[in-house]
Amino acid sequence: MTKIFVSRDAASLALGSSQVVQRMSEEAAARGLPLDLVFTGSRGLFWLEPLVEVETSGGRIAYGPLKSSDVADLFEAGFLTGAAHPLRLGRMEDEPYLARQTRLTFARCGIVDPLSIEDYRAHGGYAGLARAHSLVAQAVVDEVKLSGLRGRGGAGFPTGIKWDTVLHAAADRKYVVCNADEGDSGTFADRMLMEGDPFCLIEGMTIAGLAVGASKGFIYIRSEYPHAYRTVSKAIEFATKAGYLGPSVMGSGRAFTLEARLGAGAYICGEETSLLESLEGKRGMVRAKPPLPALKGLFGKPTVVNNVLSLATVPWILAHGGQTYADFGMGRSRGTLPIQLAGNVKRGGLIEIAFGATLREIVEEFGGGTVSGRPVRAVQVGGPLGAYFPASMMDLPLDYEALAAQKGLLGHGGIVVFDDSVDLARQARFAFEFCAAESCGKCTPCRVGAVRGVEVMDRIISGIEPEKNFEVLEDLCSLMTDASLCAMGGLTPVPVMSALTHFPEDFDKAPRVPVAAE
Amino acid sequence: MSEIIAAYSSLDGPTLPILHALQEEFGYVPEDAVPMIASALNLSRAEIHGAVTFYHDFRHEPAGKHVLKLCRAEACQSMNGPQIAGDFLAKLGIGWGETTPDGVLTVEGVYCLGLCACAPSALYDGEPIGRLTRERLDAVVQEARGA
Ligand SMILES: Cc1cc2nc3c(=O)[nH]c(=O)nc-3n(C[C@H](O)[C@H](O)[C@H](O)COP(=O)(O)O)c2cc1C
Ligand code: SF4
Ligand code: FES
């Protein structure tokens, strides 16, 4: 029976993969050819999807992008043996887009059956946990410290140092919480990993539990991700049945259990203290820090809060050694960064690569420019709170410090490409609009500032008293930056001010009401 | 309702799971659920009411028969999402968050569905749709209306 691998990632479904598979099964049945369909996550080369890979003696041979109407033709050509066809791509590993990457966190995504523990183990899964079991807690934490891993959720805080704090906090109970709220627009790596390799996240959380002395964990998944929630919930169930979660993890005598929880459509619940409030069942209001969640987190107990990717990178680090991980990267940004390339770009997808690649490499070499064929005019890096950079700044390296030096941020690694039809004044207005819609409302600079920001931008866009309103805009931005309790209000000025700095011509609207002659 | 509430009451932090389960069952969170949850969890009504109103997901009245969530965030903006969505709403004669007069379709705006590499995108009754076009949206309405 021929094995055919097809992605069931939500983006693959969005591109019509299930219709193609349906058609393929019908065609196979009509021809009396038995198929062994294996559902995987996505490799993250979305412009080639829907895509199928056929197992042959020469490796997995890919065909894509497919339409249902291509299916009969593929059978005629003999694709089940890897035969030639205009849509034959060959081995995905040889696809330059993938070959140029360094897939550590995403090593298995798109290759394994996400819900098969055997498959996971066959591809190196649970080697990290086995190693962690052979070490004392402090040694596990030290390995993570050595790796230089910094939180992938946006703030870039060193993961090992956070774990150390929780390890040394004395308490009767501790928690590990995975932040799977992935609210940043233009990002989807957490989603892909949860749908394509959920055991990797589960293993990472189990190692975290072992390292800090927590026996319970929660995965807080945004409700916009129903597929990820289902896959993760099933994976937890399977891992529990197989003894990888439960009262004695892998027979070690150490307990660790997990629960997946759904968010409820609030961007601010990605902020860690708001997330904890939400998990406790309250409004997602940001808590003042200190106390740090590492000391007083969920239900007042010491809590590790980490992003999906931070946690899912830990098994690799334990299995291969912290130093091996740290050997990738640049400056203080060690290891690899899963970049998510999206928007108006020809070849959007997931690009896991060592820190330090330039925007140009990503947008032009990987991305191939815009899908509209027009010139790239702006890229927004790091989600809705990230800066807009012009095409002239494409030599910026992707590294936490390099972006901060240019008044930007790396965030969760999302890059959104815009062509020359974009109006940056409108984008600046949107930044305020988004903040107004998603602010938790706890502090005035953010709650009121965002609403005022929309009004000021409306006046600027209409060309009303531009000089005066530019001043108001800048004052408002410095107030929000300085006086907001959290980064929601504090960083909303980043997209606004970057738009104004790099694209002033978009803000320079002719006054609608001519100024009276003096 | 009390059965649903009881089923989740023993969880740590049961409020959101209960509200999700109620909405799953009824299509919205009924007003009279609030005092019931409050007494089951030993919390004040104000606390439960506060939670229900904080989150965008929880509806206070039933939605249409089908729900379309359209992404309004940046990657979808870069691919003409706002124009496509604007024309679509105008054609239906409704605004964001509203339901067509025949009660068939509710259109909600969301900020990012994680489908940014195939923007603009949407979720229709939980099923993802990528590379949205005006034609594709017309087909969705037709399907919703059972044509
Ligand atoms: C407004 C706001 C939204 C955030 N959204 C997310 C998110 O969706 N996912 C995430 O992992 N971190 C998010 N963060 C960062 C978290 O507060 C926190 O730094 C992170 O979960 C820590 O994990 P890490 O160290 O592994 O990154 C957000 C922060 C702010 C201020
Ligand atoms: S900055 Fe905004 S989101 Fe953050 S605490 Fe203040 S009001 Fe809430
Ligand atoms: S920005 Fe629209 S799906 Fe992410």
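Residues numbered from 1 in each chain as written. Chains lettered and ligands numbered in written order. Predicted model: local features only at pLDDT ≥ 70, side-chain atom pairs only at ≥ 80, totals over all residues. Heavy atoms only, no water.

Named according to an unreviewed UniProt entry, chain A is Formate dehydrogenase originating from Microvirga makkahensis. Taken directly from UniProt, the Sequence similarities (unreviewed entry) text for chain A runs: "Belongs to the complex I 51 kDa subunit family." (UniProt positions renumbered as here; feature names shortened; annotations may be inferred.)

A. How the structure looks around the overall build of chain B. Of regular secondary structure, chain B possesses seven helices and four strands. In chain B, the succession of α and β elements from N to C terminus is α-α-α-α-β-α-α-β-β-β-α. Counting only C-alpha atoms, chain B reaches 50 × 30 × 20 Å along its principal axes. Counting only residues that meet the buried cut, chain B has 52% of its 147 residues in that class. At a minimum sequence separation of 6, the contacts of chain B that also span at least 24 residues come to 56%. Carbon and sulfur atoms make up 49% of the accessible area of chain B, which totals about 6700 Å². (Helix = DSSP H or I, 4+ residues; strand = E, 2+ residues; numbered from the N terminus. Buried < 20%, exposed > 50% of the residue type's maximum accessible area, 1.4 Å probe, protein only. Contact = heavy atoms within 4.5 Å. Areas by Shrake-Rupley, 256 points an atom, 1.4 Å probe, with all protein chains shown as cover.)

B. Spotlight on the sheet that holds strand β12 (residues 336–343) of chain A. Residue and element names in this part refer to chain A. Spatially, the five strands line up as an open sheet ordered β13-β12-β16-β14-β15, and their pairing is mixed. In the strand order of this sheet, the two ends are held by β13 (349–354) and β15 (388–390), each with one partner. When strand polarity is set aside, the average angle formed by the axes of neighbouring strands in this sheet is 30°. (Pairing = 2+ DSSP bridges. Axes fitted to C-alpha atoms, helices over the stretch in contact; angles between N-to-C directions.)

C. Layout of the domain arrangement of chain A. Residue and element names in this part refer to chain A. Segmenting chain A into domains produces domain 1 (2–96), domain 2 (117–326), domain 3 (333–413) and domain 4 (424–507). Each of domain 3 and domain 4 has a C-alpha centre, and these two points are 23 Å apart. Between domain 3 and domain 4, the buried area comes to about 1100 Å², and carbon and sulfur atoms account for 69% of it. Where domain 3 touches domain 4, the interface holds two salt bridges. Taking the shortest distance from any N to any O, the salt bridge between Asp506 and Arg377 comes out at 2.9 Å. Taken together, domain 3 and domain 4 are joined by four residue pairs in polar contact (both at pLDDT 80 or more). Of all the elements in the fold, those that place two or more residues in the side of domain 3 that touches domain 4 are β14 (376–381) and β15. Split into classes, the residues belonging to the side of domain 3 that touches domain 4 amount to nine nonpolar, three polar and two charged. (Domains from an automatic or database assignment. Buried area = accessible area lost by both parts, 1.4 Å probe. Salt bridge = Lys/Arg side-chain N within 4 Å of Asp/Glu carboxyl O. Polar contact = N/O pair within 3.5 Å; in protein donor to acceptor, adjacent residues only side chain to side chain. Nonpolar A, V, L, I, M, F, W, Y, C, P; charged D, E, K, R; others polar.)

D. Looking closely at the interface of chain A and chain B. The interface is formed by 62 residues belonging to chain A together with 37 residues belonging to chain B. For the pair chain A and chain B, the summed buried area comes to about 3600 Å², and 59% of that belongs to carbon and sulfur atoms. Per-residue buried area on chain A facing chain B is highest for Ala264, Arg283 and Phe430 of chain A; these three make up 15% of the total on that side. The interface formed by chain A and chain B contains two salt bridges. The shortest N-O distance in the salt bridge between Lys216 of chain A and Asp12 of chain B comes to 3.7 Å. Here chain A and chain B share 21 residue pairs in polar contact (both at pLDDT 80 or more) between them. Looking at the side of chain A that touches chain B, the elements with two or more residues in it are α1 (10–14), β7 (216–221), α11 (226–241), β8 (257–262), α12 (272–279), β12, β16 (414–419) and α17 (424–438) of chain A. When the residues that make up the side of chain A that touches chain B are grouped by side-chain class, the tally is 32 nonpolar, 17 polar and 13 charged.

E. Inspection of the environment of Ala319 of chain A at higher detail. Residues and elements named next belong to chain A. Positionally, Ala319 belongs in helix α13 (residues 308–320). C-alpha of Ala319 to C-alpha of Arg332: the two residues are 13 residues apart in sequence and 22 Å apart in space. Ignoring anything within four residues of it in the chain, the contact list for Ala319 reads Ala127 and Gly128.

F. Spotlight on the site of ligand 2. In the vicinity of ligand 2 there are 13 residues, among which Cys440, Lys442, Cys443, Cys446 and Cys486 of chain A approach most closely. Residue classes in the shell around ligand 2 are distributed as eight nonpolar, four polar and one charged. (Near = heavy atom within 4 Å.)

G. Molecular detail of the nonpolar core. Residues and elements named next belong to chain A. In terms of nonpolar packing, the biggest core is built from 148 residues, with Trp163, Ile219 and Phe507 touching the most fellow members. Among the elements that make up this core, the one with the highest residue count is helix α10 (residues 198–212) (10 residues). When near neighbours in sequence (up to four residues on either side) are disregarded, Trp163 contacts Val141, Val144, Ala208, Ala211, Val212, Val304, Asn306, Leu311 and Val314. By size, the runner-up hydrophobic cluster in this structure holds 36 residues, among which are Leu45, Leu51, Ala62 and Val379. (Core = buried A, V, L, I, M, F, W, Y, C linked by side-chain atoms within 4.5 Å.)

H. Seen up close, the site of ligand 1. Residue and element names in this part refer to chain A. Neighbouring residues of ligand 1: 20 residues in total, closest Gly153, Asn179, Asn306, Asn307 and Ser310. Gly153 has a polar backbone atom sitting 2.7 Å from an oxygen atom of ligand 1. Within the side chain of Asn179, an N or O atom sits 2.9 Å from an oxygen atom of ligand 1. A total of 610 Å² of accessible area belongs to ligand 1 in isolation, and the protein chains cover 91% of it. The pocket occupied by ligand 1, as judged from atoms lying within 2 Å of grid points, is the second largest pocket. Listing elements by their share of the shell around ligand 1, those giving two or more residues are β9 (303–307) and α20 (487–491). With three residues, the single largest contributor to the shell around ligand 1 is β9. Looking at the shell around ligand 1 residue by residue, the classes come out as six nonpolar, eight polar and six charged. (1 Å grid on protein atoms, 1.4 Å probe; cavity = no way out; pocket = protein on both sides within 12 Å on 5 of 7 lines; lining within 4 Å. Sits in = over half its atoms within 2 Å of the grid points.)

I. Focus on the sheet that holds β9 of chain A. Residues and elements named next belong to chain A. Pairing within the open sheet is parallel, and its four strands lie in the order β8-β7-β6-β9. Every other strand in the sheet has two partners, leaving β8 and β9 as the edge strands with one partner each. In this sheet, adjacent strand axes meet at a mean angle of 20° when their direction is disregarded. Across five bridges, strand β6 (residues 175–180) lies against β9 in parallel orientation. By the bridge assignment for β9, Val176 is matched with Val304. Contacts between α10 and the sheet are confined to β6, β7, β8 and β9, with β6 contributing the most and set at about 150° to the helix. Packed on one face of the sheet, α13 meets β6 and β9 and runs near 95° to β9.

J. Focus on the confidence of the model for chain B. Residue and element names in this part refer to chain B. For chain B, mean pLDDT is 96; residues scoring 70 or higher make up 99% of the total. Between the elements of chain B, mean pLDDT differs from a low of 95, seen in helix α1 (residues 2–8), to a high of 98, seen in helix α5 (residues 74–77). Two summary scores accompany this predicted model of the complex, namely pTM at 0.97 and ipTM at 0.97. (pLDDT = per-residue confidence, 0-100.)

K. Fine view of the side chain of Thr206 of chain A. Residue and element names in this part refer to chain A. Tracing the backbone shows Thr206 in helix α10. Residue Thr206 is classed as buried on the basis of its relative accessible area of 3%. Those residues in contact with Thr206 that sit more than four places away from it in its chain are Leu129, Tyr244, Leu245, Val249 and Phe256.

L. Local environment of the environment of Leu258 of chain A. Residues and elements named next belong to chain A. Inspection of the secondary structure assignment puts Leu258 in strand β8. Between the C-alpha atom of Leu258 and that of Ile202, which follows or precedes it by 56 residues, the distance is 8.1 Å. Ignoring any residue separated from it by four or fewer positions in sequence, one finds Leu258 in contact with Ile202, Met205, Gly217, Phe218, Ile219, Ile236 and Leu245.

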